[in-house]
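Reading the structure
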Amino acid sequence: MRRVTWMVAVVMCLALVLAGCGIGKKDAGSIVKDLDHVISKADSYQASGSMILHTGSQPQEYQVEVAFSPEHFYRISLTNASKDVTQIVLRNEEGVFVLTPHLKKSFRFQSDWPENQGQVYLFQSLARSIIADKDRQFTTDNDAYVFDVAANYQNEQLSRQKIWLNKKTLAPTQVQVSDANQNVMVQVNFTKFEFDAKFDKDFFQMERNMTSWNMQTLPTMSDVKVTDADHPAAGVTDKDLTATGGQSDQSQPTTSTGTKTDATKSNAAASKPQSIGIIEPSYLPKDVVKQDITDMKLGEDAAVLLRYKGKYNFSMVEVRPQAKSVSLQPGDIVDLGFTIGVLTGEDKKTLTWTNDGVEFRLTTGDLPTNEMIKVAMATEGQSGK
């Protein structure tokens, strides 16, 4: 009996010594294998948290909600915490939608997003960046594994990112994306992350998300009847597109009886033509100068056209549009940080985005995409003149 007790004591001491030396702890390689397994079997997830951008003169905070379904549908909601403005990105069986519900504005286009580009708030993007970086740095922080890896985003200013993963589930808890000088430009804090989430049948449908922005709870399809007249984007064809950025003007929404809808104050403000202050970007590429500014009309909307020339040539249209739905050519989503943009065209490219009720369309034949993104981001925080 004494011999058995002595042997047990020796084994326990040895285990403590090995643990103290780090033997038995998971290394980066084994965690990466586990992470690869998690991402391959993750049929769905739902997450929420906050995102803080340090790309402008003042930090901007956004509330972020992310949903991913077994059908590989996505729903991302970005809400500006100070302006209470929400933008939604959907991917479903009909394509990819960028929605601005409070303006009743929707873009619909065909794209491989997000398979063809990374997003800082998507679990797949974060996991793949850890798996792909063979020079990854690894450490631990209380209940989290921390990976320092290369960032692979459209914004070339973002070069590195630190990703915190929960030790038990490997779900992300925090992300910090830095520039080449190790300045944190984007920070995401997940307050909730749930694998194997369940969603209502219409959770990823455009109609539900366009009509639920001002309701306390999302309606079911039995609660809201949406007609083709309410959301004509699905029926718009390439033949309907005009030459102004691929946009098709639509009439004011009607009810199923064909009568005009009763507008609330916010909807009236969104649909009423408004004058626009000229917003000029705080950044221009080297050897590019402003050529001129021209007042113009887009349908019933007052707009301005800014033209720039030099090493690169491009124009930017600014308009406060009436509520309308838009169908676009094949394109890609562009993450501008403060909002989501849509990039269309090949030889002649157009980047379209909305901020504070103003729609911007930057069109060029020679300006590189990364410079288009810089110019677009430089309109944030600029007051109209």
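In this text the structure is predicted, and so the values were computed from the model without any measurement.

Regarding the overall build of the protein chain
From N to C terminus, the protein chain includes six helices and 19 strands. Within the protein chain, the proportion of its 385 residues that are buried is 48%. Expressed as a percentage of contacts within the protein chain between residues at least 6 apart in sequence, the contacts between residues at least 24 apart total 51%.

A few points about helix 3 (residues 123-132)
Helix 3 sits mainly inside the fold: seven of its ten residues count as buried. Within the sequence span of helix 3, burial applies to Phe 123, Gln 124, Ser 125, Leu 126, Ala 127, Ser 129 and Ile 130.

Some thoughts on the side chain of Thr 79
The topology assignment puts Thr 79 in strand 3 (residues 74-80). Overall, Thr 79 belongs to the buried group, its relative accessible area being 16%. There is a polar contact of 2.7 Å between the side chain of Thr 79 and the side chain of Thr 86. Apart from the residues within four sequence positions on either side, Thr 79 is in contact with Glu 61, Tyr 62, Gln 63, Asp 84, Val 85 and Thr 86.

A look at the confidence of the model for the protein chain
Mean pLDDT over the protein chain stands at 79; residues scoring 70 or higher make up 74%. Scored below 50 in pLDDT, residues 13-24 makes two contacts in the model with residues more than four places away or belonging to other chains. Within the model, the stretch residues 215-274 combines pLDDT values under 50 with 93 contacts to residues more than four positions away or in other chains.

Observations regarding the packing of aromatic side chains
According to the stated counting rule, one finds 17 aromatic pairs in the structure shown. Between Tyr 74 and Trp 113, the ring centres sit 5.7 Å apart and the planes meet at 65°, which makes this aromatic pair edge-to-face. Within this pair, whereas Tyr 74 is found in strand 3, its partner Trp 113 is found in the loop between strand 6 (105-109) and helix 3, the two being separated by 39 residues in sequence. Seen in terms of ring centroids, Phe 203 and Phe 204 are 5.1 Å apart; in terms of plane orientation they differ by 70°. Their pairing is edge-to-face. Looking at Phe 203, the relative accessible area reads 9%, which means it is buried. Among the aromatic residues, those joined into a ring-pair cluster are Tyr 45, Phe 68, Tyr 74, Trp 113, Phe 123, Phe 190, Phe 193 and Phe 195.

Some details on the packing of helix 2 (residues 28-41) against helix 3
It is the contact of helix 2 with helix 3, at a shortest axis distance of 10 Å, that shows an interaxial angle of 150°. In terms of orientation, helix 2 lies roughly antiparallel with respect to helix 3. Both helix 2 and helix 3 take part in a crossing whose hand is left-handed. Contacts from Val 32, Leu 35, Asp 36, Val 38 and Ile 39 of helix 2 reach helix 3 at Phe 123, Gln 124, Ala 127, Arg 128, Ile 130 and Ile 131.

What about the pairing of strand 16 (residues 331-335)?
Of all the five residues making up strand 16, four are buried; the element is thus mostly covered by neighbouring parts of the structure. Across five bridges, strand 16 lies against strand 17 (residues 340-344) in antiparallel orientation. For Gly 331, the partnering residue across the bridge sits in strand 17 and is Thr 344. What sits between strand 16 and strand 17 in their antiparallel hairpin is a turn of four residues, with Gly 337 showing a positive phi close to 85°.

A closer look at the environment of Leu 78
Counting through the fold element by element, Leu 78 comes out in strand 3. Sequence separation between Leu 78 and Val 89 is eleven residues; the distance between their C-alpha atoms is 8.6 Å.

What about the side chain of Lys 349?
Within the secondary structure, Lys 349 is located in strand 18 (residues 349-355). Of the buried charged residues, Lys 349 lacks a salt bridge, with Asp 366 as the closest side chain of opposite charge at 8.3 Å. Here Leu 367 takes part through its backbone oxygen, which lies 3.3 Å from a polar atom of the side chain of Lys 349. Each residue touching Lys 349, except ones within four places of it in the same chain, is listed here: Leu 343, Thr 344, Leu 362, Thr 363, Thr 364, Leu 367, Pro 368, Thr 369 and Met 372.

A closer look at the sheet that holds strand 12 (residues 288-298)
Adjacent strands of a sheet pair through backbone hydrogen bonds, lying either parallel or antiparallel. Sheet architecture is open: seven strands sit in the order 12-13-14-19-18-17-16, paired in antiparallel fashion. In the strand order of this sheet, the two ends are held by strand 12 and strand 16, each with one partner. With direction set aside, neighbouring strand axes in the sheet form an average angle of 20°. Here helix 6 (residues 369-377) sits on the sheet in contact with strand 14 (314-319), strand 16, strand 17, strand 18 and strand 19 (358-364), set at roughly 25° to strand 18.

Quick notes on the nonpolar core
Judged by nonpolar contacts, the single largest core of 75 residues is most densely connected at Met 51 and Tyr 121. Sort the elements by how many residues they give to this core and helix 2 lands first, with six residues. Dropping the residues within four chain positions of it, Met 51 is found in contact with Gln 60, Glu 61, Tyr 62, Val 64, Leu 78, Val 120, Tyr 121, Val 186, Gln 187, Val 188 and Gly 337. Grouped together as the second largest cluster of nonpolar side chains are six residues, Ile 88, Leu 90, Met 206 and Met 210 included.

Some remarks on helix 6
With respect to burial, helix 6 is a largely interior element, seven of its nine residues being buried. Among the residues making up helix 6, those that are buried are Asn 370, Glu 371, Met 372, Ile 373, Val 375, Ala 376 and Met 377. On its buried face, helix 6 is in contact with strand 14, strand 16, strand 17, strand 18 and strand 19.

Definitions and limits used
- Residues numbered from 1 in each chain as written.
- Predicted model: local features only at pLDDT ≥ 70, side-chain atom pairs only at ≥ 80, totals over all residues.
- Heavy atoms only, no water.
- Helix = DSSP H or I, 4+ residues; strand = E, 2+ residues; numbered from the N terminus.
- Buried < 20%, exposed > 50% of the residue type's maximum accessible area, 1.4 Å probe, protein only.
- Contact = heavy atoms within 4.5 Å.
- Polar contact = N/O pair within 3.5 Å; in protein donor to acceptor, adjacent residues only side chain to side chain.
- pLDDT = per-residue confidence, 0-100.
- Phe/Tyr/Trp six-rings, centres within 6.5 Å; stacked < 30°, edge-to-face > 60°.
- Axes fitted to C-alpha atoms, helices over the stretch in contact; angles between N-to-C directions.
- Parallel < 35°, antiparallel > 145°, perpendicular 65-115°, else oblique.
- Left-handed = near helix turned anticlockwise from the far one by under 90°.
- Pairing = 2+ DSSP bridges.
- Lys, Arg positive; Asp, Glu negative; His and termini not counted.
- Salt bridge = Lys/Arg side-chain N within 4 Å of Asp/Glu carboxyl O.
- Core = buried A, V, L, I, M, F, W, Y, C linked by side-chain atoms within 4.5 Å.

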